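Secondary and tertiary structure notes
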Amino acid sequence: MNNTKKKNVNKGNFIAFEGIDGSGKSTQIRMLDARMKEKGIYCYTTMEPTDSPIGSLIHQIMMGRIKTDNKVIAALFVADRLDHLLNDVNGIVNKINEGTTVITDRYYFSSYAYHSVDMPMDWVIKANEQSSHILRPTVTVFIDTSPDTAVERIAKNRFHQELFEKKSRLIKVREKYMEAFDRLKEEECVIKVDGNRSEQEIAEEIWQKIKGFLK
Ligand code: ADP
Ligand code: TYD
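So, a few notes on the structure that sits alongside this text. (Residues numbered from 1 in each chain as written. Chains lettered and ligands numbered in written order. Predicted model: local features only at pLDDT ≥ 70, side-chain atom pairs only at ≥ 80, totals over all residues. Heavy atoms only, no water.)

1. A short note on empty space enclosed by the protein
Heads up, the rule is: Residues are called lining when one of their atoms sits within 4 Å of a cavity or pocket point, these points coming from a 1 Å grid over the protein atoms alone, where a cavity is a set in which a 1.4 Å probe fits but cannot get out and a pocket is an open set with protein on both sides within 12 Å along at least five of seven lines. Grid points are joined across faces, edges and corners, and a volume is the space filled by probe spheres set on the points. Numbering of helices and strands starts at the N terminus; helices are DSSP runs of H or I of at least 4 residues and strands are runs of E of at least 2. Three classes are used, and their members are as follows: Ala, Val, Leu, Ile, Met, Phe, Trp, Tyr, Cys and Pro are nonpolar, Asp, Glu, Lys and Arg are charged, and the others, Gly among them, are polar.
Applying the stated rule across the entire model yields one cavity of 30 Å³ or more. Its volume calculated, the largest cavity comes out at about 40 Å³. Every residue along the wall of the largest cavity is listed here: Gln-28, Met-31, Leu-32, Arg-35, Ala-203, Ile-206 and Trp-207. Put simply, the parts of the chain that give the lining of the largest cavity at least two residues each are helix H2 (25–38) and helix H11 (199–210). Per-class residue counts for the lining of the largest cavity are five nonpolar, one polar and one charged.

Okay, structure coming up:
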């Protein structure tokens, strides 16, 4: 297919979900995916960190099997994200160009929020510049769940020894999300929904708020 033809194809929407751990992202992605399918819109759902070799390395670091500096972890997320976008086999950019709607559980705002707890946000934004140039989300959905509620939800499902530590980190991450949204409010389309409610109420608000942005 030549370039002129490619430009005429309608591009798919790119929807990024963000929120602290346990905020309800994967639940809401499942519900949005089901709603879109009912309307005849097929979505490709994906997540970061990915299951690529770079993503697997990140998972091993997060499990404590490999030790490295925070800057290295932030840089691995940058590389994982670029592969997520550009991979020949299942990269997001190809899917969007083919007209497929893509929903991702986390994108660059996760880096801005999580890594800037330990290093300057400017550095993190700059390090992710290529991804933001390649593909900005049509809309980013931030599920704003209080760290108390998120930690309670996590505790219900998994055994966690360090819940107190986890909560104080999530409080900082949530603040960093807010700072990043404020800094980038001119160039990014972000909608925020209160995540401390029932799954159905949140799903309904997300749908009402995003449907106007979708092409
Ligand atoms: P995330 O993907 O953001 O980590 P999940 O969707 O996996 O969050 O949700 C974390 C846990 O909380 C899961 O057990 C899920 O069933 C539960 N959960 C998600 N949304 C709600 C909600 N609105 N109310 C109560 N529990 C929820
Ligand atoms: P995961 O188990 O997928 O958690 P969740 O279900 O909450 O998304 O782990 C993802 C973790 O990686 C989460 O704690 C956030 C973190 N993360 C970063 O630190 N930087 C990033 O760029 C991304 C995408 C995730």
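Let us keep going from here.
2. Observations regarding the layout of surface pockets
One number sums up the size of the largest pocket: a volume of about 1,700 Å³. Lining the largest pocket are 47 residues, with Asp-21, Met-62, Arg-106, Tyr-114 and Lys-166 positioned closest to its centre. Of all the secondary-structure elements, those providing two or more residues to the lining of the largest pocket are H2, helix H3 (53–62), helix H4 (70–86), helix H6 (108–115), helix H9 (147–157), helix H10 (163–183) and H11. When the residues that make up the lining of the largest pocket are grouped by side-chain class, the tally is 13 nonpolar, 18 polar and 16 charged. In this structure, the second largest pocket occupies an estimated 190 Å³ of space. In terms of lining residues, the second largest pocket is bounded by Tyr-44, Thr-46, Met-47, Thr-50, Asp-51, Ser-52, Asp-83, His-84, Asn-87, Asn-90 and Gly-91.

Nothing here speaks to function; it is geometry throughout.
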